[in-house]
Number of protein chains: 2
Amino acid sequence: MKVELQRVAPAEIEKRSMEIITSELGERSFPPEVLPVVKRVIHTSADFDYADNLVFSPGAVAKGIETVKNGCTIVTDTQMAWSGVNKRVLEKFGGRAVCFMSDPEVAAEAKARGETRATVSMERAAALEGPLVFAIGNAPTALVRLCQLIDEGKVSPALVIGVPVGFVNVVESKELMLTMDTPHIVARGRKGGSNVAAAICNAILYQASGNARE
Amino acid sequence: MKVELQRVAPAEIEKRSMEIITSELGERSFPPEVLPVVKRVIHTSADFDYADNLVFSPGAVAKGIETVKNGCTIVTDTQMAWSGVNKRVLEKFGGRAVCFMSDPEVAAEAKARGETRATVSMERAAALEGPLVFAIGNAPTALVRLCQLIDEGKVSPALVIGVPVGFVNVVESKELMLTMDTPHIVARGRKGGSNVAAAICNAILYQASGNARE
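Let us look at the structure shown here. As the structure is a prediction and not an experimental result, all values here were calculated from the model.

## Examining the relation of the copies chain B and chain A
And step 1. For these two chains of identical sequence, chain B goes onto chain A by a turn of 180° and a shift of 0.0 Å along the axis, with RMSD 0.0 Å. In short, the pair behaves as if placed about a two-fold rotation axis. Ranked by how close their C-alpha atoms come to the rotation axis, the residues of chain B are headed by B:Met80, at 2.5 Å.
And step 2. A share of 100% of the interface residues of chain B reappears at the interface of chain A, consistent with the copies meeting face to face through the same patch.

## Structural notes on the side chain of B:Thr116
All names here are of chain B.
And step 1. On the secondary structure map, Thr 116 appears in the loop between helix 7 (104–113) and helix 8 (117–126).
And step 2. The class for Thr 116 is buried, based on a relative accessible area of 13%.
And step 3. Separated by 2.8 Å, the side chains of Thr 116 and Thr 119 make a polar contact.

## Structural notes on the pairing of strand 4 (residues 132–136) of chain B
Residues and elements named next belong to chain B.
And step 1. Counting buried residues along strand 4, five of its five residues qualify, which places the element largely inside the surrounding structure.
And step 2. The side-chain alternation of strand 4 yields two buried faces, one formed by Leu 132, Phe 134 and Ile 136 and the other by Val 133 and Ala 135.
And step 3. Strand direction decides the pairing type here: strand 2 (residues 73–76) and strand 4, joined by four bridges, are parallel. Bridging across to strand 4, Thr 73 finds its partner in Leu 132.
And step 4. Here strand 4 runs beside strand 5 (residues 159–162); their pairing, made up of four bridges, is parallel. Pairing of Phe 134 across the sheet is with Val 160, part of strand 5.
And step 5. Crossover strand 4 to strand 5 through helix 9 (residues 140–151) is right-handed.

## Notes on the sheet that holds strand 5 of chain B
Residue and element names in this part refer to chain B.
And step 1. Pairing is mixed in the open sheet, where six strands are placed in the order 1-6-5-4-2-3. In this open sheet, the two strands that pair with only one neighbour each are strand 1 (54–56) and strand 3 (96–99). This sheet shows a mean twist of 15° between the axes of neighbouring strands, independent of strand direction.
And step 2. Alignment of strand 2 against strand 3, held across four bridges, turns out to be parallel. Looking across to strand 3, one finds that Val 75 is bridged to Val 98.
And step 3. Across the sheet, helix 10 (residues 170–178) touches strand 1, strand 5 and strand 6 (184–187), and the angle it forms with strand 6 is around 155°.
And step 4. Most of the contacts of helix 11 (residues 194–208) go to strand 5, to which it runs at about 140°, and overall it touches strand 1, strand 2, strand 4, strand 5 and strand 6.

## Overview of the sheet that holds strand 2 (residues 73–76) of chain A
Residue and element names in this part refer to chain A.
And step 1. Spatially, six strands are ordered 1-6-5-4-2-3 in an open sheet, and the strand pairing comes out mixed. One side of each edge strand has no neighbouring strand; the edge strands of this open sheet are strand 1 (54–56) and strand 3 (96–99). Averaged over all pairs of adjacent strands, the angle between strand axes in this sheet comes to 15°, irrespective of strand direction.
And step 2. Packed on one face of the sheet, helix 8 (residues 117–126) meets strand 2 and strand 4 (132–136) and runs near 170° to strand 4.

## Points about helix 1 (residues 13–25) of chain B
Residue and element names in this part refer to chain B.
And step 1. Over its 13 residues, helix 1 runs 18 Å from end to end, which matches the ideal 18 Å to within 8%, given 1.5 Å per residue.
And step 2. Among all positions of helix 1, only Glu 14, Ser 17, Met 18, Ile 20, Ile 21 and Leu 25 are buried. Buried residues along helix 1 cover an arc of 160° about the axis, so they all sit on one side.
And step 3. In this structure, the buried side of helix 1 is in contact with helix 2 (35–45) and helix 3 (50–53).
And step 4. Directly beyond the C-terminal end of helix 1, a positive phi value near 55° is found at Gly 26.

Criteria and cut-off values
Residues numbered from 1 in each chain as written. Chains lettered and ligands numbered in written order. Predicted model: local features only at pLDDT ≥ 70, side-chain atom pairs only at ≥ 80, totals over all residues. Heavy atoms only, no water. Least-squares fit on C-alpha atoms with pLDDT ≥ 70 in both. Contact = heavy atoms within 4.5 Å. Helix = DSSP H or I, 4+ residues; strand = E, 2+ residues; numbered from the N terminus. Buried < 20%, exposed > 50% of the residue type's maximum accessible area, 1.4 Å probe, protein only. Polar contact = N/O pair within 3.5 Å; in protein donor to acceptor, adjacent residues only side chain to side chain. Pairing = 2+ DSSP bridges. Right-handed = clockwise from strand over helix to strand, strands pointing away. Axes fitted to C-alpha atoms, helices over the stretch in contact; angles between N-to-C directions. Expected span 1.5 Å × (residues − 1). Arc of directions from axis to C-beta.

Structure representation (structure tokens):
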């Protein structure tokens, strides 16, 4: 068995990865708080398309950092995204992450109403107390319903991470989010995912910790 | 608030997505059991690169389907991939999914030995009874260690899904897996991820159920 591996200590692997990403981004320039987000998404996907796809409303990352520091609830639309969020760092600031997708009551209500579980889970989340960050990595129906709830004045998120992935109403849901005044980070186009949603949350969490882990 | 959405019932969204993927794959041809895997990975990533990147050893998908049907343990290298595997279908066949990454003993041993947690978690998994499917979506160190364990005769997986993502030893770990006799599905190059690992598991599970959900 023969393989030529780079000799990199476990603790150095992420650092070395980020150096490679920086090098390959070349002359591309990003605001200082945005760069760690772009890099972490590329780190989680190995997909440099995100250097072009990610759209940040003015001050969105700073708003995310401030919100996390003061303790907030991060709402995800999948258990996968929930799993990927660094709860250790989030809880250090008094925050928590929730996902209602596996709630049997949400499933029953969705079926009865002919909606997706993602739609109903956004309605549940909108009723939560305290500052909310929404991280939508999968379901465009969740992002569309969230925009409607904002429009109806039923929820006022501190930040929306809108990165659903796929082919049916995904592009449209993100273009809708881009028209909203709510601070947002959106991956324009079809790409995104639970891993991307979690990576953006973590890039914000690490900056809040004063350790961008770039 | 204005958005032009396609009117698609919740139950039809995945079907419609798969139709779009089929259409955009155009003339590309894949063996019948491979096609649902390729499509599900594109469904989870919106990234058609996987139509070219995914490499299947002869009979790998059939072996996966057979293994799942007889009940097996799917070992993942992240909690995210674990979250993404459809446990309902897996358990229907008497199977289960495990991940040792959050095990405090694994963390302690990794630190003491100067290895990654992923490396040590593969050693734990290798000691499990019964047929094993490994789904590695994140850590190249896990895939390399798994190849070594196979080489040392310490484990004989029914199937290895080798789709770690990133920049340090990722390509090398996958090229190593491609030299092994063990049935494997590998995403050649830098791309991959926990979402991709879970999608491949699910494409196999749905075929085992007789419902490819293409």
